[in-house]
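# Inside the fold
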Amino acid sequence: MELTTYNPQKGRLETLEVEFTEENTTWFEYSRGTSVSTITDFKGGILIKKNDYSYPVWLYDISRADIDFSKKKAKELMQSHA
């Protein structure tokens, strides 16, 4: 699926071809407001999507395992790169 993401390392939007599967994505069942709804491993980095209409954020050199598949740690990462 084609997905527009925000890349804070480059400071711009990028369009990526991403496949969301059970092997590379963690979905959080209860996402309220602007909390994190999914985290996806992608090309040596992680895509973090909030439960709103904002663009997912693509961060390099980190994986879901590095943050223990944690919704809280994903939200902290997004805030530190905002």
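Residues numbered from 1 in each chain as written. Predicted model: local features only at pLDDT ≥ 70, side-chain atom pairs only at ≥ 80, totals over all residues. Heavy atoms only, no water.

### So, the pairing of strand β2 (residues 12-17)
Inclusion rule: Following DSSP output, two strands are said to pair if at least two bridges run between them. Numbering of helices and strands runs from the N terminus, with a helix taken as a DSSP run of H or I at least four residues long and a strand as a DSSP run of E at least two residues long.
For strand β1 (residues 2-7) and β2, the ladder comprises six bridges, and the chain directions are antiparallel. What sits directly across from threonine 4, in β2, is threonine 15. Counting the residues between successive antiparallel strands, the hairpin from β1 to β2 contains four residues, one of them, glycine 11, with a positive phi of roughly 70°.

### Concerning the pattern of salt bridges
Using the following cut-off: By convention in these notes, a salt bridge is any Lys or Arg side-chain nitrogen within 4 Å of a carboxyl oxygen on Asp or Glu.
Counted under the stated rule, the structure contains five salt bridges. The salt bridge partner of lysine 73 is aspartate 68, with a shortest N-O separation of 2.8 Å. Three or more residues are tied together by salt bridges with common partners; here these are Lys10, Arg12 and Glu14.

### Some points on the nonpolar core
To keep things clear, this is the line we draw: Each nonpolar core is a collection of buried residues, namely Ala, Val, Leu, Ile, Met, Phe, Trp, Tyr and Cys, held together in the definition by side-chain atoms within 4.5 Å. Burial classes follow relative accessibility: with a 1.4 Å probe on protein chains only, a residue under 20% of its type's maximum area counts as buried, one over 50% as exposed, and anything between as partly exposed. We call two residues contacting when some pair of their heavy atoms lies within 4.5 Å.
Within the largest apolar cluster, twelve residues are counted, these being Phe28, Val36, Ile39, Ile46, Ile48, Val57, Leu59, Ile62, Ile67, Ala74, Leu77 and Met78. Counting only elements with at least two residues in this core, the list comes to β4 (36-42), β5 (45-50), β6 (57-60) and α1 (71-80). Apart from the residues within four sequence positions on either side, isoleucine 62 is in contact with Gly44, Gly45, Ile46, Ile67 and Leu77. Core analysis: the second largest hydrophobic core is formed by six residues, Leu3, Phe42, Leu47 and Trp58 among them.

Keep in mind these numbers describe shape, not what the thing actually does.
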